[in-house]
Amino acid sequence: MTTPLKSRLGPLPYLIFSSRWLQLPLYLGLIVAQAIYVVQFVRELWHLVDATLFGHLGEGVAAESAETTIMLTVLGLIDVVMISNLLVMVIVGGYETFVSRLRLEGHPDQPEWLSHVNATVLKVKLAMAIIGISSIHLLATFIKADTLNPQTIMWQVLLHLAFVVSALALAYIDRIMQPGARGEAH
């Protein structure tokens, strides 16, 4: 029989270890943010359906402008989904890593990546998700490039490249910190 954690630790170590539960409101707040993104997605989807099926793109909108508007709206939907995926990774992976185990072993819906998540793997996955989100924004920028200041486009490209370099650096650091895990997929 194991003794409870409280009786094995002194009061200060127990307090310090228990402080991880202060993160719980943060993860609950991210769940609220996830719900807000669902509402945003439904609103954008409704605008897309309304514009496409009911022709509410606006008076005098050219066909190529309508196509661009639809494409930008779809990119916005993809962006919302990718940010939502990022939120799920942070909520589930962060809670599992820093607060408490979710005990999902054997559950048919357990995310594959959750079985080998740690703080470093989570950072690399988050960096990759941020690159994906940045790529969507950059694509939208290039679609409407003729209406934007060239300096704005340059800064967006540089920011995107900074995200890529940061992700590569994180992945490289992860790789050199775990030399025995080179053959394993993260």
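This write-up is about the structure you can find in this document. (Residues numbered from 1 in each chain as written. Predicted model: local features only at pLDDT ≥ 70, side-chain atom pairs only at ≥ 80, totals over all residues. Heavy atoms only, no water.)

## Thoughts on the nonpolar core
And then number 1: Membership of the largest hydrophobic core is limited to 10 residues, which are I83, L86, M89, W113, L114, V117, L122, L126, A129 and I133.
And then number 2: Top contributing element to this core by residue count: helix α5 (residues 119–143), with 4 residues.
And then number 3: The residues touching I133, leaving out its near neighbours within four places in the chain, are D79, M82, I83 and L86. (Core = buried A, V, L, I, M, F, W, Y, C linked by side-chain atoms within 4.5 Å. Buried < 20%, exposed > 50% of the residue type's maximum accessible area, 1.4 Å probe, protein only. Helix = DSSP H or I, 4+ residues; strand = E, 2+ residues; numbered from the N terminus. Contact = heavy atoms within 4.5 Å.)

## Some details on the packing of aromatic side chains
And then number 1: Going through the model one piece at a time under the given rule, you end up with 2 aromatic pairs.
And then number 2: Considering the side-chain rings of W21 and Y95, the 6.3 Å spacing of their centres and the 75° angle between planes classify their relative orientation as edge-to-face. Of this pair, W21 sits in the loop between α2 (11–18) and α3 (24–53) while Y95 sits in helix α4 (residues 63–99), and the two are 74 residues apart along the sequence.
And then number 3: Overall, the relative accessible area of 16% leaves Y95 in the buried class.
And then number 4: Seen in terms of ring centroids, Y27 and Y95 are 6.2 Å apart; in terms of plane orientation they differ by 85°. Their pairing is edge-to-face. Of this pair, Y27 sits in helix α3 while Y95 sits in helix α4; the two residues are 68 residues apart in sequence, bridging distant segments of the chain.
And then number 5: Above the face of the F17 ring, R20 is positioned so that its terminal group lies 4.0 Å from the ring centre. (Phe/Tyr/Trp six-rings, centres within 6.5 Å; stacked < 30°, edge-to-face > 60°. Lys NZ or Arg CZ within 6 Å of the ring centre and 35° of its normal.)

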